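Commentary on secondary and tertiary structure
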Amino acid sequence: MAISTLQKLSTRVHRLPSLSSFRPILAKSSATLSHPPSSSAKVSDRIVKLFAIDVDGYKREIVGLAGHTLLKALTNSGLIDPASHRLEEIDACSAECEVNIAQEWLERLPPRSYDEEYVLKRNSRARVLNKHSRLGCQVVLTKDLQGMVVAVPEPKPWDIP
């Protein structure tokens with residue numbers, strides 16, 4: 001039904017002299033609708049494999065998607081409780097998604113924002129910022145981070161129910 005509507009609109013547009021420049025755009029959009037792209041190939045291109053060291057010291061392989069956050073990959077693998085961090089916005093963050101990034105991967109990440117540093121300092125006991133600490137909700141995965149190693153620290157006493 002949508003394709004027939006587009007074709008009808010396309011024929012109407014072709015009659016209008018002022019809109020003839022949009023003709024290739026309409027032809028391209030109707031062609032893409034009739035043959036939707038395979039989404040499985042694109043998802044496989046976005047896969048980022050990481051390694052996470054859990055609280056017991058075991059190294060586990062986790063899988064995330066480029067464009068998603070490290071928090072999402074860790075919650076999908078069961079290393080962080082999804083209920084403990086409902087929002088991926090810095091304003092609502094309580095640092096329950098804090099992770100430690102291995103030294104060799106720190107340079108590949110963008111620097112922490114002022115807000116991220118504030119949340120990390122506010123939630124540390126000594127109010128001293130660990131240079132390896134990052135918020136999982138603020139680290140966006142890219143293909144450059146393939147093989148990155150992160151450690152999930154033990155929950156702080158005030159985070160344990």
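Residues numbered from 1 in each chain as written. Predicted model: local features only at pLDDT ≥ 70, side-chain atom pairs only at ≥ 80, totals over all residues. Heavy atoms only, no water.

**A word on the confidence of the model for the protein chain**
Of all residues in the protein chain, 62% attain a pLDDT of 70 or more, and the chain-wide mean is 74. Element-level pLDDT for the protein chain is lowest in helix 2 (residues 23–34), with a mean of 39, against a maximum mean of 95 in strand 2 (residues 59–65). Every residue in residues 16–40 scores below 50 in pLDDT, and together they form eight contacts with partners more than four places removed in sequence or on other chains. (pLDDT = per-residue confidence, 0-100. Helix = DSSP H or I, 4+ residues; strand = E, 2+ residues; numbered from the N terminus. Contact = heavy atoms within 4.5 Å.)

**As for the packing of aromatic side chains**
Scanning the entire structure with this criterion turns up zero aromatic pairs. The ring of phenylalanine 51 carries lysine 59 above its face, with NZ or CZ at 4.9 Å from the centroid. Directly above the aromatic system of tryptophan 105 lies the positively charged group of arginine 108, at a separation of 4.2 Å from the ring centroid. (Phe/Tyr/Trp six-rings, centres within 6.5 Å; stacked < 30°, edge-to-face > 60°. Lys NZ or Arg CZ within 6 Å of the ring centre and 35° of its normal.)

**What about the pairing of strand 3 (residues 98–101)?**
Sheet topology places strand 3 next to strand 4 (residues 133–135); three bridges connect them, and they run antiparallel. Each residue of the ladder has a partner; that of asparagine 100, found in strand 4, is serine 133. Inspection of the sheet shows strand 3 paired to strand 5 (residues 149–151) by two bridges, in the antiparallel sense. Considered in strand 5, the bridge of asparagine 100 is made with alanine 151. (Pairing = 2+ DSSP bridges.)

**What about the environment of glycine 64?**
Its location among the elements puts glycine 64 in strand 2. Residues in contact with glycine 64, not counting those within four places in the same chain, are Arg46, Ile47, Val48, Ala73 and Leu141.

**Digging into the pairing of strand 2**
Where strand 1 (residues 47–53) meets strand 2, seven bridges bridge the pair, whose relative direction is antiparallel. Among the inter-strand pairings, isoleucine 47 is bridged to a residue of strand 2, identified as leucine 65. Taking the residues between adjacent antiparallel strands as the criterion, strand 1 and strand 2 are bridged by five residues, where glycine 57 takes a positive phi near 90°.

**Digging into the nonpolar core**
Ranked by internal contacts, the top residues of the largest apolar core, which has 31 residues, are Leu70, Leu74, Ile101, Leu135 and Met148. Mapped onto this core, the elements with two or more residues apiece are strand 1, helix 4 (70–76), strand 3, helix 5 (103–106), helix 6 (114–122) and strand 5. If we ignore the near neighbours within four places in the chain, the residues touching leucine 74 are Ala52, Ile62, Leu79, Ile80, Val99, Val150 and Val152. (Core = buried A, V, L, I, M, F, W, Y, C linked by side-chain atoms within 4.5 Å. Buried < 20%, exposed > 50% of the residue type's maximum accessible area, 1.4 Å probe, protein only.)

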